[in-house]
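Descriptive analysis of the structure
Single-letter residue listing:
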Amino acid sequence: MEKEKGLVLVFTGNGKGKTTAALGLALRSWGHGRNVLMLQFIKGRQCGEHLAAQCMQPGFEIRPLGLGFINLHNPADVARQQQAARQALQQAEDAMLSGQYQLLILDEILYALKYGLLELPAVLTLMDKKPEALHLVLTGRDAPPEIMNRAHLVTEMKEIKHPYQQGIPAQKGIEY
């Protein structure tokens, strides 16, 4: 049997579906008996995917490590968010090197970069440490070229039309 090559996949863009695409991969991988971990860098509250993952134990775990909404105009909030993001990055490295997971999803890590909660060199260093067989997924808007260049697959979600534009609020089971 040929040794599996772990891929780096990036889901980016201004359209909806980045986390949803990562969750689809998680479901597929879990269905093949693989261990999946999703670390959420911004989300701090429970969403529908957390409820589903609880039913998929063992083998599929989601950890919301973020603090939720970021007030970029409040230096104290930014500092708290930066600390949480650095701790999440350390958890990502620990999980990556543990050998326990076959798929590691770093949900909203690209937002953490965009908002200055993490520095690009730290994320690139983490990517360089990826074990050969591990599949690594990064999600969020505005993926830096350095990350896209290192990825095996980059998908850009493009918003064409969104319910918000029609005055429809976020829907349970759709947005969260």
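**Examining the pattern of salt bridges**
Per the counting criterion, the structure on display carries nine salt bridges. The closest approach of N and O atoms between Lys 43 and Asp 107, which form a salt bridge, is 3.2 Å. In this pair, Lys 43 sits in the loop between strand E2 (36-40) and helix H2 (48-55) while Asp 107 sits in strand E4 (residues 103-107), placing the two residues 64 residues apart along the sequence. The pair formed by Lys 43 and Asp 107 is uniform in burial state, with each residue classed as buried.

**A word on the pairing of strand E1 (residues 8-12)**
Most of E1 sits inside the fold, with five of its five residues counted as buried. Where burial is concerned, the two faces of E1 agree: the one with Val 8, Val 10 and Thr 12 and the one with Leu 9 and Phe 11 are both buried. As defined by bridge partners, E1 adjoins strand E5 (residues 135-139) across four bridges and the pair is classed as parallel. Within E5, the position partnered with Leu 9 by the bridge is Val 137. Two strands pair when backbone bridges link them, and E1 and strand E6 (residues 153-156) are joined in this way by four bridges, in the parallel orientation. Of the residues in E6, the one forming a bridge with Leu 9 is Leu 153.

**With respect to unusual backbone geometry**
That bond from Gln 57 to Pro 58 is cis: its omega, -10°, falls within 30 degrees of zero. Relative to the elements of secondary structure, Pro 58 occurs in the loop between H2 and strand E3 (60-64). A positive phi is found at Glu 108, a non-glycine position, where the angle reads about 70°. Positionally, Glu 108 belongs in the loop between E4 and helix H4 (109-114). Backbone geometry places Asp 142, a non-glycine residue, at a positive phi of 60°. Topologically, Asp 142 is positioned in the loop between E5 and helix H6 (145-150).

**Some details on helix H5 (residues 120-128)**
If you check which residues of H5 are buried, you get Val 123, Leu 124, Leu 126 and Met 127. All buried residues of H5 project into a common sector of 155° when viewed along the axis, lining one side. With respect to the buried face of H5, the exposed residues turned more than 90 degrees away are Pro 121 and Asp 128. The inward-facing, buried residues of H5 contact E1, helix H3 (75-98), E4, H4, E5 and H6.

**What about the sheet that holds E5?**
Strand order in this open sheet of six strands is E3-E2-E4-E5-E1-E6, and the pairing throughout is parallel. Only two strands of the sheet have a single partner each, and these edge strands are E3 and E6. Recorded for the sheet is a direction-independent mean angle of 10° between the axes of neighbouring strands. Looking at chain direction, E4 and E5 are connected through four bridges and run parallel. Note on E5: the bridge partner recorded for Leu 104 is Leu 136. Seen against the sheet, H2 touches E2 and E3 and runs at an angle of roughly 145° to E3.

What counts, and where the lines are drawn
Residues numbered from 1 in each chain as written. Predicted model: local features only at pLDDT ≥ 70, side-chain atom pairs only at ≥ 80, totals over all residues. Heavy atoms only, no water. Salt bridge = Lys/Arg side-chain N within 4 Å of Asp/Glu carboxyl O. Helix = DSSP H or I, 4+ residues; strand = E, 2+ residues; numbered from the N terminus. Buried < 20%, exposed > 50% of the residue type's maximum accessible area, 1.4 Å probe, protein only. Pairing = 2+ DSSP bridges. Arc of directions from axis to C-beta. Contact = heavy atoms within 4.5 Å. Axes fitted to C-alpha atoms, helices over the stretch in contact; angles between N-to-C directions.

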